[in-house]
Amino acid sequence: MEGLQQQFLHFLFAASLLISSTAISDQIPKPYVVYMGNSSPNNIGVEGQIPESTHLQLLSSIVPREESERIALIHHFSHAFSGFSAMLTESEASALSGHDGVVSVFPDPVLQLHTTRSWDFLESDLGMKPRGTPTLHQHLSSDIIVAVIDTGIWPESPSFRDEGIGEIPSRWKGVCMEGHDFKKSNCNRKLIGARFYNIEVTSGGNQTHIEATKGSPRDSVGHGTHTASIAAGVHVNNASYYGLAQGTARGGSPSTRIAAYKTCSEEGCSGATILKAIDDAVKDGVDIISISIGLSSLFQSDFSTDPIAIGAFHAEEKGVLVVCSAGNDGPDPYTVVNTAPWIFTVAASNIDRNFQSTIILGNGKSFQGSGINFSNLTHSKMYHLVFGGKVAAKFAPESEARNCYPGSLDYNKIAGNIVVCVNDDPTVSRRIKKLVVQDARAIGMILIDEENKDVPFDAGVFPFTEVGNLEGHQILQYINSTKYPTATILPTTEMTRYKPSPIVASFSSRGPSSLTENILKPDVLAPGIGILAAVIPDSKEPGSVPIGKKPSLFAPKSGTSMACPHVTGAAAFIKSVHEKWSPSMIKSALMTTATNYNNLRKPLTNSSNYLADPHEMGVGEINPLRALNPGLVFETDMEDYLRFLCYYGYSQKNIRSMSKTNFNCPKNSSEDLISNTNYPSISISTLKRQQKAKVITRTVTNVGSLNATYTAKVRAPEGLVVKVIPNKLVFSEGVQRMTYEVSFYGKEARGGYNFGSLTWLDGHHYVHTITI
């Protein structure tokens, strides 16, 4: 296959492969989701909802009478879409899938949970904007409501105070659920809603565990509190993590309201519960839904059996934008998740701040390592330095000892020493390696790991630092060059104005999407490394809090989980200014104004110092202030998404059930036509050298000056001929929308992916799209 791809006009492309998981055939009941498409206009009950009795009747037609206790719904979906979850056997699930009105039936999947300086960094044009320019938080509209579907919330955090915030919008229909440790008074004009659910977590085989989440919206994990404060936390002065990252903590839209939906525990998140939370959030009246959760990239579901894709489809249908994390399975390709075109998919980058810990060797050499530690080691005392591979326990392979596997080290040989470990085998995490060395009573640990050195690991009071292969090689050389090598590890210091930034995080999942390469995913890049934000004041893990200190109310965390709410906050900010803009207009504005350069004014790179491509960064780093005035936007409507489903191969019957319309699929539907979806990036999975030019169509809407003329500027890779017809768009008072064609002719282009861009210029706006 000669795949030629390009970046154009702030378009990005992504491709995906469907990996379906096979269910174990058995007749032991387990949780299933029965998805029935849009809420039907028939059988509507009170408040426009489908009554539970309708779904119970369907369930009773399948479940044997002698097992009548199973005729019960775990969750009932009736607002944004119709369906339920229940305990079913495989044969019952199969029988239900054949019923009219049932789109899909699938086992309830387990999904996994996937910031002071970051917003200043984003709004300062990557640290280079002149002082005195407007800032994100100067717009104080407080009518926007963001739903955070996560592990709950810690309401006492100063990030959720409501001083100065007006009355709750009258359209809000949500609730503040009480629990044993959560009262209605914990909600306020900032945190206006909180819900919790019974969480079903299915683990291996047929074992099902249903956890009642301790009957409270309170966050016991910390993930939900962190993501909520990144999106919409209020200003908190003098926030820091035990003195690191000192400054004012705030979310992207500090006046935006927050509604928390607790769907996850430490074990994971039930897909059915996430569906229920989306259904509730849409009914409650939210504007944007933020989901830092996803399926494993190894077991990606089809769009009709992915709970987030299903819920997001119907949220979009109701005018609610859904923003999701791209996943943390990078840097391998085909790992991006949450790739439906109606989802706003976010990859992670760093900001211009880093946390470094200095290593000083006995020969006087020093190295800057990455990591967070609050140790009490100093320059004045040195400690014996040993390599894990040389202090293996009896019968333990050297390969395991060098990686500091549990049980692989001789504790007598490392007690009181600093231990050097490597990361040849990523199956053992940094946290496990650190615990192994710490349990052996070592003084400290140096980790040699090229891939993850961009993400600072928090070791608490334990002396820890991480270096790449180049520094690691010199440290090992020193150990081998002397009889008694020594070293010390100094406490962490903060490095400001760090360059280059942003770079794509090593862990950030990459495209192309394994479901279809004809939509570019991820969509955008946003800060996700070392982001300081609100946490639960927890000191459960020994050594996590410096001696004499109280648990911190703020802490740095890394992941696409942190990048996602940056986009949520930016979208809320734009929505507060442009209240009538649809989800796709907000998404387009953030995509076509994204930044492709770093704070060195050079093209964006990844953590390996190579140029970042759109499969890693989407269209680039979001620029929320520039997105307020994008000039042109790509409106992707529900008809676009329904045609996408036709092209993808779904039956017209199921598509009609999903949309509750008489929609007809185009007569000639094929996956290649997905590239014609009116998306703010262009992706073409296959461009054959022998074929004639492939023509892609796009339509733009003018949201800038009534009279404007835009001219196309194409940047194409060598050998790929790209033409735009017309290459000039003239808008007047009576002309708000215009359509153009982009043709791709690849006879002379190189094989593999080709990336380029198409930018529309009018002298004021740069409407940039990426093409693959």
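Everything quoted here is computed from the prediction, not taken from an experiment. (Residues numbered from 1 in each chain as written. Predicted model: local features only at pLDDT ≥ 70, side-chain atom pairs only at ≥ 80, totals over all residues. Heavy atoms only, no water.)

Engineer: An account of the overall build of the protein chain is requested, with residue identities and associated values reported.
Structural biologist: Helix and strand counts for the protein chain stand at 16 helices and 39 strands. A total of 772 residues make up the protein chain; the buried ones form 61% of that total. (Helix = DSSP H or I, 4+ residues; strand = E, 2+ residues; numbered from the N terminus. Buried < 20%, exposed > 50% of the residue type's maximum accessible area, 1.4 Å probe, protein only.)

Engineer: Requested: an account of the pattern of salt bridges, with residues and values cited.
Structural biologist: A complete count under the given rule lists 22 salt bridges for this structure. Of the charged contacts in the structure, one is a salt bridge between D100 and K653, with a shortest N-O distance of 3.5 Å. Taking relative accessible area as the criterion, D100 reaches 67% and is therefore assigned exposed. A salt bridge links R737 to E635, with the shortest nitrogen-to-oxygen separation between them at 3.0 Å. In this pair, R737 sits in strand β37 (residues 737–745) while E635 sits in the loop between β32 (632–633) and α15 (638–648), placing the two residues 102 residues apart along the sequence. For E635, a relative accessible area of 23% corresponds to the partly exposed category. The network of salt bridges with common partners includes R195, K276, D280 and D284. (Salt bridge = Lys/Arg side-chain N within 4 Å of Asp/Glu carboxyl O.)

Engineer: Can you tell me about the environment of A231, naming the residues and giving the values?
Structural biologist: Mapping A231 onto the fold places it in helix α4 (residues 223–232). Sequence separation of A231 and M562 is 331 residues, and the distance between their C-alpha atoms is 9.1 Å. Excluding anything up to four places from it in sequence, A231 contacts G251, G252, S253, P565, T568 and G569. (Contact = heavy atoms within 4.5 Å.)

Engineer: Lay out the sheet that holds β32 with the relevant residues and their values.
Structural biologist: Taken together, four strands build an open sheet; the order of strands is β32-β33-β37-β35 and the sheet is antiparallel. Each edge of the open sheet carries a strand with a single partner, namely β32 and β35 (721–725). Across five bridges, the pairing between β35 and β37 is antiparallel. Across the sheet, V721 pairs through a bridge with Y745, a residue of β37. (Pairing = 2+ DSSP bridges.)

Engineer: Describe in detail the state of the cysteines, supporting the description with residues and values.
Structural biologist: In the structure shown here, the tally under the stated rule is four disulfides. The disulfide partner of C176 is C187, and the gap between their sulfur atoms is 2.0 Å. One quick way to see it: the torsion about the S-S bond of C176 and C187 is about 85 degrees, and its sign makes the bridge right-handed. Linking C176 in the loop between β6 (145–150) and β7 (191–196) with C187 in the loop between β6 and β7, this pair joins segments that are 11 residues apart in sequence. Disulfide partner of C646: C665, at an S-S distance of 2.0 Å. (Disulfide = S-S within 2.5 Å.)

Engineer: Quick one: what's the story with the environment of S375, residue by residue and with numbers?
Structural biologist: Considering the arrangement of structural elements, one finds S375 in the loop between β20 (366–370) and β21 (383–387). The class for S375 is buried, based on a relative accessible area of 8%. Along the sequence, S375 and I547 sit 172 residues apart, while their C-alpha atoms lie 9.8 Å from each other. Excluding residues within four positions of it along the chain, S375 makes contact with V461, P463, I489, L490 and P491. At 3.4 Å, the side chain of S375 forms a polar contact with the backbone nitrogen of L377. (Polar contact = N/O pair within 3.5 Å; in protein donor to acceptor, adjacent residues only side chain to side chain.)

Engineer: Help me get a handle on empty space enclosed by the protein, residues and values and all.
Structural biologist: Estimated volume of the largest cavity: approximately 50 Å³. Within the lining of the largest cavity, the residues separate by chemical class into three nonpolar, four polar and one charged. (1 Å grid on protein atoms, 1.4 Å probe; cavity = no way out; pocket = protein on both sides within 12 Å on 5 of 7 lines; lining within 4 Å. Points joined across faces, edges and corners; volume = space filled by probe spheres on them. Nonpolar A, V, L, I, M, F, W, Y, C, P; charged D, E, K, R; others polar.)

Engineer: Could you give me a rundown of the packing of helix α6 (residues 307–317) against α15, with the residues and numbers involved?
Structural biologist: Contact pair α6 / α15: the axes reach a minimum separation of 10 Å and the direction vectors enclose 150 degrees. As far as their axial angle goes, α15 and α6 are roughly antiparallel. As α6 runs across α15, the sense of the crossing is left-handed. Facing F313, E316 and E317 of α6, the residues of α15 in contact are M638, Y641, L642 and L645. (Axes fitted to C-alpha atoms, helices over the stretch in contact; angles between N-to-C directions. Parallel < 35°, antiparallel > 145°, perpendicular 65-115°, else oblique. Left-handed = near helix turned anticlockwise from the far one by under 90°.)

Engineer: Give a description of the packing of aromatic side chains that names residues and reports values.
Structural biologist: Taken as a whole and assessed by the stated rule, the structure comprises 16 aromatic pairs. Seen in terms of ring centroids, Y242 and F374 are 5.4 Å apart; in terms of plane orientation they differ by 80 degrees. Their pairing is edge-to-face. Residue Y242 is located in the loop between β10 (236–241) and β11 (244–249), and its partner F374 is located in the loop between β20 and β21; the two are separated by 132 residues in the primary sequence. Comparing Y242 with F374 shows no difference in burial state: the two are buried. (Phe/Tyr/Trp six-rings, centres within 6.5 Å; stacked < 30°, edge-to-face > 60°.)

Engineer: How would you explain the nonpolar core if you had to name every residue and give the values?
Structural biologist: Y261, I289, W342 and L590 are the most contacted members of the largest nonpolar core, which has 109 residues in total. In terms of nonpolar packing, the next biggest core, distinct from the first, is built from 22 residues, I682, V700, V724 and L729 among them. (Core = buried A, V, L, I, M, F, W, Y, C linked by side-chain atoms within 4.5 Å.)

Engineer: Please provide a residue-by-residue account of helix α1 (residues 52–60), values included.
Structural biologist: Within the sequence span of α1, burial applies to H55, L58 and L59. When α1 is viewed along its axis, its buried side chains cluster within an angular range of 100 degrees and face the same direction. Tucked into the core, α1 has its buried residues touching β2 (75–77), β3 (83–88) and α2 (90–97). (Arc of directions from axis to C-beta.)

Engineer: Got a sec to walk through the UniProt feature "active site" (unreviewed entry) in the protein chain? Specific residues and values, please.
Structural biologist: When the UniProt feature table is mapped onto this chain numbering, "active site" (unreviewed entry) sits at D150, H223 and S561. These annotated residues cover 412 residues of sequence, and their C-alpha atoms lie no more than 10.0 Å from one another, placing them together at a single site. Within the secondary structure, D150 is located in strand β6. Looking at the secondary structure, you find H223 in helix α4. Residue contacts for H223: discarding those within four places in its chain leaves L113, H114, D150, T151, S292, S561 and M562. Here D150 takes part through its side chain, which lies 2.6 Å from a polar atom of the side chain of H223. (UniProt positions renumbered as here; feature names shortened; annotations may be inferred.)

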